[in-house]
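Listed below are the residues making up each chain.
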Amino acid sequence: MTDIAIIGGGITGLSLALNLHRRGIACRVYERASEVKELGVGITLLPHAMREFAALGVSEQLLAAGIENAESCFFNRFGQLIYKEPRGKLAGYPHPEVGIHRGRLHLILHGAACAALGPDRIRTDRTCVDLAQDAEGVTIAFTETSTGRSAEPVRARAAIACDGINSVVRKRFHPDDDVAFAGINTWRGVTRMKPILTGRSYMRIGSILTGKIVVYPIVDDVDGAGTQLVNWMAEIKQDALAKKNDWNRPGDPADFLPIYESWRFDWLDVPAMIRKADFVLEYPMVDKDPIGQWSFGRVTLAGDAAHPMYPRGSNGAAQGAIDARTLADCLAAGPDVPAALKAYEEARREATARIVRTNREHPPDFINIKVEELTGDRPFDDLDAYITQDELRALSESYKRIAGFSLASPGT
Ligand SMILES: Cc1cc2nc3c(=O)[nH]c(=O)nc-3n(C[C@H](O)[C@H](O)[C@H](O)COP(=O)(O)OP(=O)(O)OC[C@H]3O[C@@H](n4cnc5c(N)ncnc54)[C@H](O)[C@@H]3O)c2cc1C
């Protein structure tokens, strides 16, 4: 019998494999994709994500492949600076904050997992379609993704569903479960351009009420002449477009470019950046309502399968990696698998539900929304007349506390 079967070889599944391996627990990963490719755009790894990846021995590789953020800046849609703060090590954290290409992050974790466990333990081309359990173990049914034919079933001591937001395992235990769309559409792209501001700045411009764009660099010097690969994500409240969430769906700039046409600042020309993008992807901002149970006997959920959240706190990968470490610790604590899975759920379910709710109600860009309200969505002469820098700092700190990366009160 395979010791632990991990369903899904994304950020959470690979982090779990590495965590289990470090604790001497045998496992295998079953991934739907037929091959591992560099897909997608950028992702930000906050210091608590980098703490988890440092413990897995990959932080130096991640830092070398990405860009260490120096500052986080908030602007209104007229390009005026509202607030900025240092980030990562520059803010006193023991770990950096890193912007990185999602595909590079995935390849680094995949390479580390193959090196540690052996490539035969990371099985691609396997789509989990069902599972059943008895007192001794779990039997997992797979199809071969490339052909659609049934593959040999797997018997394991436990099955951990790391199969993402559209998890089939979660659906099996919660049949009515579905994604929640709150009317925000997003478009993402990467553009080759000269460094903006410090070249290590994370920028949030505008608000979702009137149009917002988040911009940060993810790869340095792509051409030997100092050009960076810059990741951007446009977010707009717009009820019409709730399509199925597929991270790789192509987007059409005509659907959102008109909103940004006048956003030409002396430090960034937003419409030019969008027009010069290598490609544009579209994604509805979705999450799921927190659920009351993750662990069912020898089966549990982790990462986005357990707690998909709006991607506007840069926190999903960190929470998946923390799940992986917590679950591995619980499994290493003793031989009783159902008890270990329950202990893991107790440690993580409410903590992550709080983040899901906060990302809906008071995300970090709440700062931009607040200033837009206070100034009547007009350029300001003296921001202090509306809100002080101390008040803005307090808003930023409050998000960090709930999201688990406050320096003053660190999370789990
Ligand atoms: C647009 C966007 C931007 C984001 N930006 C950030 C960010 O800046 N910072 C951050 O920390 N987080 C960010 N996130 C969130 C982060 O990407 C996710 O939280 C993270 O990828 C979750 O990892 P996961 O492994 O749990 O799920 P996934 O990454 O979804 O991986 C699931 C894996 O399971 C596989 N799979 C699916 N179904 C099956 C099946 N039936 N059988 C076998 N395998 C299966 C999939 O192929 C995939 O490899 C963002 C998310 C989105 C959508």
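Scroll up for the structure.
Residues numbered from 1 in each chain as written. Predicted model: local features only at pLDDT ≥ 70, side-chain atom pairs only at ≥ 80, totals over all residues. Heavy atoms only, no water.

Trainee: Explain the overall build of the protein chain residue by residue, including any values.
Mentor: Within the protein chain, the regular secondary structure consists of eleven helices and 17 strands. Taking 22 Å as the expected radius of gyration for a compact globule of 412 residues, we find that the protein chain reaches 21 Å, a close match to that expectation. Dimensions of the protein chain, computed from C-alpha atoms along their principal axes, come out at roughly 70 × 40 × 40 Å. Per-residue burial over the protein chain gives 55% buried out of 412 residues. Taking all contacts inside the protein chain whose residues are at least 6 apart in sequence as the whole, residues at least 24 apart take part in 73%. Averaged over its 49 positive side-chain charges, the protein chain has a centre that lies 3 Å from the centre of its 54 negative ones. (Helix = DSSP H or I, 4+ residues; strand = E, 2+ residues; numbered from the N terminus. Rg over C-alpha atoms; globule rule 2.2 N^0.38 Å. Buried < 20%, exposed > 50% of the residue type's maximum accessible area, 1.4 Å probe, protein only. Contact = heavy atoms within 4.5 Å. Lys, Arg positive; Asp, Glu negative; His and termini not counted. Charge placed at Lys NZ, Arg CZ, Asp CG, Glu CD.)

Trainee: I'd like a rundown of the site of the ligand, residues and numbers included.
Mentor: Within the structure, the ligand sits among 31 residues, and T12, E31, T44, R102 and D304 are positioned closest to it. Here E31 contributes a side-chain N or O atom positioned 2.6 Å from an oxygen atom of the ligand. Backbone polar atom of A317 to an oxygen atom of the ligand: 2.9 Å apart, as the coordinates give it. Taking 1000 Å² as the accessible area of the ligand by itself, protein coverage stands at 91%. If you list the elements that add at least two residues to the shell around the ligand, you get α1 (11–22), β3 (42–45), β9 (126–133) and α8 (316–332). (Near = heavy atom within 4 Å. Polar contact = N/O pair within 3.5 Å; in protein donor to acceptor, adjacent residues only side chain to side chain. Areas by Shrake-Rupley, 256 points an atom, 1.4 Å probe, with all protein chains shown as cover.)

Trainee: If you had to explain the sheet that holds strand β12 (residues 180–193) to someone new, which residues and values would you point to?
Mentor: Read from one edge to the other, the open sheet built from seven strands follows the order β6-β5-β13-β14-β15-β12-β16, with strand pairing classed as mixed. Each end of this open sheet is capped by a strand with a single partner; those strands are β6 (81–86) and β16 (279–287). Strand-to-strand twist in this sheet, taken as the mean axis angle between neighbours without regard to direction, amounts to 20°. Where strand β13 (residues 201–207) lies against strand β14 (residues 211–219), five bridges are found, and the strand directions are antiparallel. The residue bridging M203 from the neighbouring strand is V215, located in β14. (Pairing = 2+ DSSP bridges. Axes fitted to C-alpha atoms, helices over the stretch in contact; angles between N-to-C directions.)

Trainee: Lay out the packing of aromatic side chains with the relevant residues and their values.
Mentor: Considering all chains together, one arrives at 13 aromatic pairs under this definition. Aromatic pair Y260 and W263: ring centres 4.7 Å apart, planes at 75°, arrangement edge-to-face. Y260 sits in the buried class, given a relative accessible area of 0%. Judged by its relative accessible area of 1%, W263 falls in the buried class. In this structure, R172 is placed above the aromatic ring of F173, and the distance from its NZ or CZ to the ring centre is 5.9 Å. (Phe/Tyr/Trp six-rings, centres within 6.5 Å; stacked < 30°, edge-to-face > 60°. Lys NZ or Arg CZ within 6 Å of the ring centre and 35° of its normal.)

Trainee: Pulling in residues and values, what's your account of the side chain of H174?
Mentor: Mapped onto the elements of the fold, H174 is located in the loop between α5 (168–173) and β12. On the basis of relative accessibility, which here comes to 17%, the residue H174 falls in the buried class. If we skip the residues at most four places from it in the chain, H174 touches I291, Q293 and F296.

Trainee: Any chance you could break down helix α9 (residues 337–361) for me, citing the residues and the numbers?
Mentor: Compared with the 36 Å implied by 1.5 Å per residue over 25 residues, the 36 Å span of α9 between its first and last C-alpha is a close match. The principal kink in α9, of about 30°, is found at R348. Within α9, burial applies to V337, A340, L341, Y344, E345, R348, T352, A353, I355, V356, T358 and N359. Structurally, α9 contributes buried residues whose contacts are with β11 (150–161), β16, β17 (299–301), α8 and α11 (389–403). (Expected span 1.5 Å × (residues − 1). Bend = angle between axes of the 7 residues up to and from the residue.)

Trainee: Account for the sheet that holds β3, naming residues and giving values.
Mentor: Strands belonging to one sheet form pairs held by backbone hydrogen bonds; the direction of such a pair is parallel or antiparallel. Read across the open sheet, the three strands follow the order β3-β7-β4; overall the sheet is antiparallel. With one partner strand each, in any of the chains shown, β3 and β4 (67–68) form the two edges of the open sheet. Where helix α4 (residues 102–117) meets the sheet, it contacts β3 and β7 (98–101), and its direction lies at approximately 85° from that of β7.

Trainee: Break down the packing of α9 against α11 for me, with residues and values.
Mentor: Relative orientation of the contacting elements α9 and α11 amounts to 150°, with a least axis distance of 9 Å. It follows from the interaxial angle that α9 and α11 lie roughly antiparallel. The residues of α11 that touch α9, namely those facing R354, I355, T358 and N359, are Y399, I402 and A403. Classifying every residue of the contact of α9 with α11 by side-chain character gives four nonpolar, two polar and one charged. (Parallel < 35°, antiparallel > 145°, perpendicular 65-115°, else oblique. Nonpolar A, V, L, I, M, F, W, Y, C, P; charged D, E, K, R; others polar.)

Trainee: How would you sum up the environment of P253? Please name residues and give values.
Mentor: Following the sequence through the fold, P253 ends up in the loop between β15 (228–237) and α6 (257–260). Through-space distance from the C-alpha of P253 to that of V280 is 7.3 Å; in sequence the pair is 27 residues apart. With sequence-adjacent residues up to four places away left out, P253 is seen in contact with P258 and V280.

Trainee: Can you break down unusual backbone geometry residue by residue, with the values?
Mentor: Phi at D125 takes a positive value of approximately 65°, unusual for a residue other than glycine. Looking at the element boundaries, D125 is found in the loop between β8 (122–123) and β9. If you check the backbone angles, L197 has positive phi at about 50° while not being a glycine. Here L197 is to be found in the loop between β12 and β13. A residue is classified by how much of its surface remains accessible, and L197, at 42% relative accessible area, is partly exposed.

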